[in-house]
Amino acid sequence: MPRKITFLLALAVTLALPLFMRSGSLASEVLIYALAALGCNLLLGYTGLLSFGQGIFFGLGSYTIAILLTRLSLPMPLALLAAIGMGALGAALVGWVAIRQRGTYFVMLTLAFAQMFYFVAYTASGLTGGDNGLLDVPRPAFMDTPWKYYAFVAVMFLIAFGLLLRVTDSVFGRTLLAIRDNGDRAAAVGYDLRRFKLLAFVISGAVTGLAGGLHAMMTGIAPLSNAEYHTSEMILVITVIGGTGNLFASVLGSAFYVLLADWLSTLWPRWLLLLGLLLIGVSIGMQRGLWGLGESAWRRIFRKGAQGADATAAQGEKA
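Residues numbered from 1 in each chain as written. Predicted model: local features only at pLDDT ≥ 70, side-chain atom pairs only at ≥ 80, totals over all residues. Heavy atoms only, no water.

**Quick notes on the packing of aromatic side chains**
Aromatic ring pairs: the centre-centre distance and the angle between the two ring planes describe each pair. How we decide: Centres within 6.5 Å are what make two rings of Phe, Tyr or Trp a pair, Trp counting through its six-membered ring; a difference in plane orientation under 30 degrees is then read as stacked, over 60 as edge-to-face, and the rest as tilted. Here a strand is any run of E in DSSP of at least two residues, a helix any run of H or I of at least four, and the numbering for each starts at the N terminus. For each residue, the accessible area found with a 1.4 Å probe, counting protein chains only, is set against the maximum for its type, and the residue is called buried under 20%, exposed over 50%, and partly exposed in between.
Across all of its chains, the model carries 11 aromatic pairs by this definition. Geometrically, the ring pair formed by Tyr149 and Phe152 is tilted, given 6.2 Å between the ring centres and 40 degrees between the ring planes. Of this pair, Tyr149 and Phe152 both sit in helix α7 (residues 146-168), separated by three residues, roughly a single helical turn. For the pair Tyr149 and Phe152, a shared accessibility class is recorded, and that class is buried. Between Phe172 and Phe196, the ring centres sit 5.6 Å apart and the planes meet at 20 degrees, which makes this aromatic pair stacked. You can see Phe172 sitting in helix α8 (residues 171-181) and its partner Phe196 sitting in helix α10 (residues 193-219), a full 24 residues away along the chain. You can call Phe172 buried: its relative accessible area is 17%.

**Quick word on the environment of Ala82**
Note the following rule: Contacts are assigned to residue pairs with any non-hydrogen atoms lying within 4.5 Å of each other.
Structurally, Ala82 is set in helix α4 (residues 76-98). Residue classification places Ala82 among the partly exposed residues on the basis of a relative accessible area of 24%. Separated by 123 residues in the primary sequence, Ala82 and Gly205 place their C-alpha atoms 12 Å from one another. With residues near it in sequence (within four places) discarded, Ala82 still touches Thr64 and Leu68.

**Brief notes about a nonpolar patch on the surface**
Spelled out, the test is: Excluding any residue in a salt bridge, patches collect residues exceeding 30% relative accessible area, merging like charges within 9 Å and nonpolar Val, Leu, Ile, Met, Phe, Trp and Tyr side chains within 5 Å. Where accessible areas are quoted, they stem from the Shrake-Rupley method and a 1.4 Å probe; at the residue level, only the protein chains shown are allowed to cover. Counted as salt bridges are all cases of a side-chain nitrogen of Lys or Arg within 4 Å of a carboxyl oxygen of Asp or Glu.
A contiguous nonpolar patch, built from Trp263, Leu267, Trp268, Leu273, Leu274, Leu277, Ile280 and Ile284 and spanning about 830 Å² of accessible area, is present on the exposed surface. Elements represented by at least two residues in the nonpolar patch include exactly α12 (247-267) and α13 (271-285). The biggest single contributor to the nonpolar patch is α13, with five residues. In this fold, Leu267 is placed in helix α12.

**Some words on unusual backbone geometry**
The backbone of Ser73 shows a phi angle near 55 degrees, a positive value even though the residue is not glycine. With respect to the secondary-structure elements, Ser73 resides in the loop between α3 (54-70) and α4. Phi at Asp136 is positive, roughly 55 degrees, even though this residue is not glycine.

**Some remarks on the packing of helix α1 (residues 3-20) against α7**
Quick reminder of the rule: For helices, the axis comes from a line fit to the C-alpha atoms of the stretch in contact; other axes are also lines fit to C-alpha atoms, and the angle between any two N-to-C directions lies between 0 and 180 degrees. When describing relative orientation, an angle under 35 degrees is termed roughly parallel and one over 145 degrees roughly antiparallel, while 65 to 115 degrees is termed roughly perpendicular and anything else oblique. Following the grouping adopted for this structure description, the nonpolar residues are Ala, Val, Leu, Ile, Met, Phe, Trp, Tyr, Cys and Pro, the charged ones are Asp, Glu, Lys and Arg, and the polar ones are all others, Gly among them.
Contact geometry of α1 with α7 gives a least axis separation of 10 Å together with a crossing angle of 170 degrees. Accordingly, the angle class assigned to the pair α1 and α7 is roughly antiparallel. Between α1 and α7, the contacting residues are Arg3, Thr6, Phe7, Ala10, Leu11, Val13, Thr14, Leu17 and Pro18 on the first element and Trp147, Tyr150, Ala154, Phe157, Leu158, Phe161, Gly162, Leu165 and Arg166 on the second. Its residues placed into classes, the contact of α1 with α7 shows 13 nonpolar, three polar and two charged.

**Considerations on the pattern of salt bridges**
This structure, assessed with the given rule, holds four salt bridges. In this structure, the salt-bridge partner of Asp184 is Arg102, at a minimum N-O distance of 3.4 Å. Within this pair, whereas Asp184 is found in helix α9 (residues 183-189), its partner Arg102 is found in the loop between α4 and α5 (103-123), the two being separated by 82 residues in sequence. Between Asp181 and Arg180 there is a salt bridge, with its nearest N and O atoms 3.0 Å apart. The class for Arg180 is partly exposed, based on a relative accessible area of 36%.

**Brief notes about the layout of surface pockets**
Condition: Buriedness for pockets is judged along seven lines, at least five of which must meet protein on both sides within 12 Å for an open set on the 1 Å grid over protein atoms alone, while cavities are sets there where a 1.4 Å probe fits but cannot get out, and lining residues have an atom within 4 Å of a point. Grid points are joined across faces, edges and corners, and a volume is the space filled by probe spheres set on the points.
Approximately 420 Å³ is the volume found for the largest pocket. In terms of lining, the largest pocket is formed by 19 residues, of which the most central are His230, Met234, Tyr257, Trp271 and Leu272. Those elements that provide at least two residues to the lining of the largest pocket are α2 (24-47), α11 (229-242), α12 and α13. Considered class by class, the residues forming the lining of the largest pocket number 11 nonpolar, five polar and three charged.

**Topic: the packing of α7 against α10**
One can describe the packing of α7 onto α10 by two numbers: an axis separation of 11 Å at closest approach and a directional angle of 175 degrees. Taken together, α7 and α10 sit at an angle that is classed as roughly antiparallel. Only Ile203, Val207, Leu210, Leu214, Met217 and Met218 of α10 make contact with α7, whose side of the interface consists of Tyr149, Phe152, Val153, Met156, Ala160, Leu164 and Val167. Partitioned by chemical class, the residues of the contact of α7 with α10 number 13 nonpolar, no polar and no charged.

**Here's the deal with the confidence of the model for the protein chain**
Note the threshold: Known as pLDDT, the predictor's per-residue confidence is scaled from 0 to 100.
Across the protein chain, the average pLDDT comes to 89, with 92% of residues at 70 or higher. At the level of individual helices and strands, the protein chain shows its lowest average pLDDT in helix α14 (residues 289-318), which scores 63, and its highest in α4, which scores 96.

Quick look at the structure:
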């Protein structure tokens with residue numbers, strides 16, 4: 001899909017959410033987790049790296065902006081840039097070690113780093129607030145309502161989405177696809193696989209750190225749960241539900257997951273069981289996610305339309 005159309009689809013979603021949703025906070029949550037899924041998709045869909053460490057970068061972004069705003073009273077733009085930088089730095093450290101292994105060992109290393117970061121955040125209560133997290137994270141006065149904050153999140157989301165589109169459509173992005181499809185051949189051609197994978201990690205960490213910082217300002221708290229393994233799992237699930245290898249698919253996955261979770265939680269306290277059944281169905285019958293399902297439906301409609309046009313033309317020739 002052309003880059004302009006993909007961006008217009010993302011723009012349409014940001015404009016449509018206020019029209020169909022009553023909660024500005026829930027709409028902001030959709031875009032925030034879409035940002036986190038974009039970072040995960042860059043690793044999984046474009047580089048072929050299954051990382052369980054995304055919660056590290058999300059937590060780093062949350063804690064960084066909370067500390068800078070509550071304790072150092074830094075201006076919000078600088079604090080948000082610092083959150084992005086800390087996400088990128090954390091990803092560089094994790095990636096530098098993890099990319100030295102492949103397959104199962106790579107996955108285990110990212111999972112080990114995620115567990116280590118959680119326990120560090122839990123024990124360093126003087127810095128992170130421990131189990132209570134960091135409370136009273138402020139927002140600027142011009143974002144004092146949920147929908148005003150949503151507007152700010154939407155702008156940040158569109159900027160990040162547009163930049164990632166440029167990255168994935170560049171020579172660098174095409175090289176990542178080559179590494180994903182056949183790393184040995186890409187290495188034989190002369191590409192430095194570790195360098196490209198590390199750069200993908202850094203970009204992914206920066207975007208996920210931005211999502212974590214925006215989440216902390218939205219909720220007014222940087223909780224320990226943002227650094228848990230379950231956060232990494234949720235980001236990965238959102239990415240898989242939407243579909244890998246397409247950035248707009250991450251937006252679909254986030255909207256589907258966040259809105260469905262909000263709806264199911266009002267029906268049954270054990271709504272995660274229902275979500276688990278849904279994920280089983282996705283894994284078995286919809287392996288390319290929501291985006292793949294939409295593509296298949298579009299091709300069927302187009303094929304039927306083309307066949308109908310051919311039949312009409314054939315009848316006209318006979319007549």
